[in-house]
Amino acid sequence: MEDYTPDFIDDESDLYEHHAFTVDKGQNPLRIDKYLMNFVENATRNKIQEAAKNGSIYVNGAPVKSNYKVKPHDNIRVLFTHPPHENLLVGEDIPLDVVYEDDQLLVVNKPAGMVVHPGHGNYSGTLINALIYRIENLPNNSSERPGLVHRIDKDTSGLLVIAKTEQAMAHLSLQFAEKTSEREYVAIVWGNIEADEGTVEGNIGRHPKNRLQNTVFLDDEADKGKPAVTHYKVLERLGYVTLVSCKLETGRTHQIRVHMKHIGHTLFNDERYGGEKVLKGTTFTKYKQFVDNCFKILPRQALHAKTLGFVHPKTGEFMRFNTEIPEDMQQCIEKWRTYSKHQGLEE
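These lines cover the structure that appears in this document, whether it is placed above or below.

Rules and cut-offs
- Residues numbered from 1 in each chain as written.
- Predicted model: local features only at pLDDT ≥ 70, side-chain atom pairs only at ≥ 80, totals over all residues.
- Heavy atoms only, no water.
- Helix = DSSP H or I, 4+ residues; strand = E, 2+ residues; numbered from the N terminus.
- Buried < 20%, exposed > 50% of the residue type's maximum accessible area, 1.4 Å probe, protein only.
- Contact = heavy atoms within 4.5 Å.
- Areas by Shrake-Rupley, 256 points an atom, 1.4 Å probe, with all protein chains shown as cover.
- Phe/Tyr/Trp six-rings, centres within 6.5 Å; stacked < 30°, edge-to-face > 60°.
- Expected span 1.5 Å × (residues − 1).
- Arc of directions from axis to C-beta.
- Core = buried A, V, L, I, M, F, W, Y, C linked by side-chain atoms within 4.5 Å.
- Pairing = 2+ DSSP bridges.
- Axes fitted to C-alpha atoms, helices over the stretch in contact; angles between N-to-C directions.
- Parallel < 35°, antiparallel > 145°, perpendicular 65-115°, else oblique.
- Left-handed = near helix turned anticlockwise from the far one by under 90°.
- Nonpolar A, V, L, I, M, F, W, Y, C, P; charged D, E, K, R; others polar.
- Polar contact = N/O pair within 3.5 Å; in protein donor to acceptor, adjacent residues only side chain to side chain.

### Brief notes about the overall build of the protein chain
Okay, so step 1: Counting its secondary structure elements, the protein chain contains 7 helices and 17 strands.
Okay, so step 2: A buried classification covers 49% of the 347 residues belonging to the protein chain.
Okay, so step 3: Sequence separation of at least 24 residues holds for 68% of the intrachain contacts in the protein chain that already meet a minimum separation of 6.
Okay, so step 4: Of the roughly 17,100 Å² that the protein chain leaves accessible, carbon and sulfur atoms contribute 46%.

So this is what it looks like as structure tokens:
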């Protein structure tokens, strides 16, 4: 049996790889739960069956049930939501933009491009590596991630609160779970949103055909996802794109990106969800060049976690933090402003 290295789990996945095998060419058909008991240390059949039930066992890239029969040359991977080795979490001296700090918590303004927590292919240079270096004995959250109360995607910029004590972790996590925290994002989306404001409701879960994406499940399929609610408000209409504010009631992975795509307004330059193509506008070559220039200025999805509010776990005071929209998004907005004014598209 050979180990192998998979190449398609992304750094924003919720899962960490624990085991990877390629089945021997002489292997007889055998239920995967029985097969894995021979290879996974300290594994019980119940534990393996539970992992399969949770969709954590993959064969050739697709999740399988515990009764799947392994075949020669199958690529098997077992993934869980916590790091496989604690020694992967090494402190690193990485500068952080700290907006606020006291003995209970700190609020950080994360730059675009920084991964929040270690995962496949990103075991260093993450926010957690920086936090471990800076603060001793950070409390773990329910997924064994030190200090993290919530997270934002690698290429999303903006505010995160980090718990420094067990009390702060419990108190802040409860606020996020009970939807009493305040989270406002600013995004540039494709198209002119008709309504000045609105709410998107739709359960979010892993896309059945593209596991790097999430999608909305409705009606009979709603149980395939988790409830998600996003409130949006138009800030500025810029012709073929719109600047919007999005307030989260829930905090699902890629929530704003998925919900805005669901209502036909994919985030500008969101490559994972198709926003890196020209989705609205004219067919003129000059227009395409203009959009390409905008993509170069803002080489990521146009999303910034601008405002964060919560009750302080010790003082009981409600605290609200605001950040400026980062330079790359500001420049992109300015270009669209100029273009829409020149073309007579603004309202």
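### Details of unusual backbone geometry
Most peptide bonds take the trans form, and the phi angle of most residues other than glycine is negative.
Okay, so step 1: With phi around 55°, asparagine 60 is a residue other than glycine that occupies positive phi space.
Okay, so step 2: Mapping asparagine 60 onto the fold places it in the loop between strand S3 (57-59) and strand S4 (62-63).
Okay, so step 3: Assessed through its relative accessible area of 48%, asparagine 60 is described here as partly exposed.
Okay, so step 4: Phi at asparagine 269 takes a positive value of approximately 60°, unusual for a residue other than glycine.
Okay, so step 5: With respect to the element layout, asparagine 269 can be found in the loop between helix H5 (255-262) and helix H6 (285-297).

### So, the packing of aromatic side chains
What describes a pair of aromatic rings is the distance from one ring centre to the other and the angle between the planes of the rings.
Okay, so step 1: Throughout the structure, instances matching the rule amount to 13 aromatic pairs.
Okay, so step 2: Here tryptophan 190 and tryptophan 336 contribute two aromatic rings whose centre-to-centre distance is 6.3 Å and whose plane-to-plane angle is 85°, an arrangement assigned as edge-to-face. Here tryptophan 336 lies in helix H7 (residues 327-342) and tryptophan 190 lies in strand S10 (residues 182-190), a separation of 146 residues in the sequence.
Okay, so step 3: Residue classification places tryptophan 190 among the buried positions, given a relative accessible area of 1%.

### Some points on H6
Okay, so step 1: If you check H6, its first and last C-alpha atoms are 19 Å apart, about what 13 residues at 1.5 Å a residue would give, namely 18 Å.
Okay, so step 2: Among all positions of H6, only Tyr287, Phe290, Val291, Cys294 and Phe295 are buried. What you see down the axis of H6 is that its buried residues fit within an arc of 145°, all on one side. Facing away from the buried side of H6, by more than 90 degrees, are the exposed residues Thr285, Lys286 and Lys296.
Okay, so step 3: In this fold, the buried residues of H6 make contact with S10 and H7.

### Here we look at the nonpolar core
Okay, so step 1: Counting residues in hydrophobic clusters, the biggest one holds 31 residues, and the most contacted among them are Leu127, Leu131, Ile162, Tyr185 and Ile256.
Okay, so step 2: No other element matches the 4 residues that helix H3 (residues 127-134) contributes to this core.
Okay, so step 3: In this structure, tyrosine 185 is in contact with Ile152, Thr156, Val244, Ser245, Cys246, Leu248, Ile256, Leu303, His304, Ala305 and Lys306, ignoring residues within four places of it in sequence.
Okay, so step 4: Core analysis: the next-biggest nonpolar cluster, separate from the first, contains 20 residues, Trp190, Leu238, Tyr287 and Leu298 among them.

### Considering the pairing of strand S14 (residues 229-237)
Okay, so step 1: In this structure, strand S11 (residues 197-201) lies alongside S14, joined through 5 bridges in antiparallel fashion. Bridging across to S14, glycine 198 finds its partner in tyrosine 232.
Okay, so step 2: Inspection of the sheet shows S14 paired to strand S15 (residues 241-248) by 7 bridges, in the antiparallel sense. Pairing of histidine 231 across the sheet is with lysine 247, part of S15.
Okay, so step 3: From the end of S14 to the start of S15, which pair antiparallel, there are 3 residues, and glycine 239 there has a positive phi angle of about 85°.

### What to know about the packing of H6 against H7
Okay, so step 1: Interhelical geometry of H6 versus H7 gives an angle of 160° and a closest axis separation of 8 Å. Relative to H7, the element H6 is oriented roughly antiparallel. Helix-helix and strand crossings are classified by hand; for H6 and H7 the assignment is right-handed. Contacts between H6 and H7 pair Tyr287, Phe290, Val291, Asn293, Cys294 and Ile297 from the former with Asp328, Gln331, Cys332, Lys335, Trp336 and Tyr339 from the latter.
Okay, so step 2: Residue classes in the contact of H6 with H7 are distributed as 8 nonpolar, 2 polar and 2 charged.

### What to know about the side chain of glutamine 175
Okay, so step 1: The residue glutamine 175 is located in helix H4 (residues 166-177) in this model.
Okay, so step 2: Of the residues examined, glutamine 175 reaches a relative accessible area of 6% and is grouped as buried.
Okay, so step 3: In terms of polar contacts, glutamine 175 uses its side chain to reach the side chain of histidine 171, at 3.0 Å.
Okay, so step 4: Aside from chain neighbours lying at most four places away, what touches glutamine 175 is Thr180, Ser181, Phe310 and Val311.

### Section: the environment of isoleucine 48
Okay, so step 1: For isoleucine 48, the location among the structural elements is in helix H2 (residues 45-53).
Okay, so step 2: Along the backbone, isoleucine 48 and serine 66 are 18 residues apart, and their C-alpha atoms lie at a distance of 7.5 Å.

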